[in-house]
Amino acid sequence: MDDRVVHRGDLVLVMGEGEEDLLKWRMAVIFALQTKPWLREVDLWKSFVNIGLDELEGLNEYWLD
């Protein structure tokens, strides 16, 4: 897609330059994942929405595994 979307296995990182940009990319990725042929479910309970890079870098390795 773009350098704003990075994935590894079933983990997807969507980044944006601001709230509007992030919303646009997030919706595009969710649509792509939930559309055939992938049909993946997006679990918001295991999602981090609207957090900064410093918070991502401080996450416990459990969340990155």
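Shown above is the structure to which this text applies.
Residues numbered from 1 in each chain as written. Predicted model: local features only at pLDDT ≥ 70, side-chain atom pairs only at ≥ 80, totals over all residues. Heavy atoms only, no water.

1. Digging into the overall build of the chain
- The helix and strand tally for the chain stands at three helices and two strands.
- The order of α-helices and β-strands along the chain, N terminus first, is β-β-α-α-α.
- In terms of principal-axis extent, the alpha carbons of the chain reach across some 35 × 25 × 20 Å.
- Here the analysis covers contacts within the chain between residues at least 6 apart in sequence; of these, 25% occur between residues at least 24 apart.
- Accessible area of the chain: about 5,900 Å², with a carbon and sulfur share of 55%. (Helix = DSSP H or I, 4+ residues; strand = E, 2+ residues; numbered from the N terminus. Contact = heavy atoms within 4.5 Å. Areas by Shrake-Rupley, 256 points an atom, 1.4 Å probe, with all protein chains shown as cover.)

2. Side note on the pattern of salt bridges
- For the structure on display, the rule yields three salt bridges.
- With a shortest N-O distance of 2.2 Å, Asp 21 and Arg 4 are connected by a salt bridge. Here the residue Asp 21 occupies a position in helix H1 (residues 19–33), and Arg 4 occupies one in the segment before strand E1 (5–8), the gap between them amounting to 17 residues.
- For Asp 21, a relative accessible area of 16% gives the class buried.
- Arg 4 gets classed as partly exposed once you look at its relative accessible area, which sits at 22%. (Salt bridge = Lys/Arg side-chain N within 4 Å of Asp/Glu carboxyl O. Buried < 20%, exposed > 50% of the residue type's maximum accessible area, 1.4 Å probe, protein only.)

3. Describing the layout of surface pockets
- Here the largest pocket defines a volume of roughly 1,600 Å³.
- Lining the largest pocket are 42 residues, with Asp 10, Leu 11, Val 12, Leu 13 and Val 14 positioned closest to its centre.
- Mapped by element, the contributors of at least two residues to the lining of the largest pocket are E1, strand E2 (11–14), H1, helix H2 (53–57) and helix H3 (61–64).
- Looking at the lining of the largest pocket, the element that brings in the most residues is H1, giving seven residues.
- Taken together, the residues of the lining of the largest pocket sort by class into 25 nonpolar, seven polar and 10 charged. (1 Å grid on protein atoms, 1.4 Å probe; cavity = no way out; pocket = protein on both sides within 12 Å on 5 of 7 lines; lining within 4 Å. Points joined across faces, edges and corners; volume = space filled by probe spheres on them. Nonpolar A, V, L, I, M, F, W, Y, C, P; charged D, E, K, R; others polar.)

These figures come from the coordinates and say nothing about function on their own.
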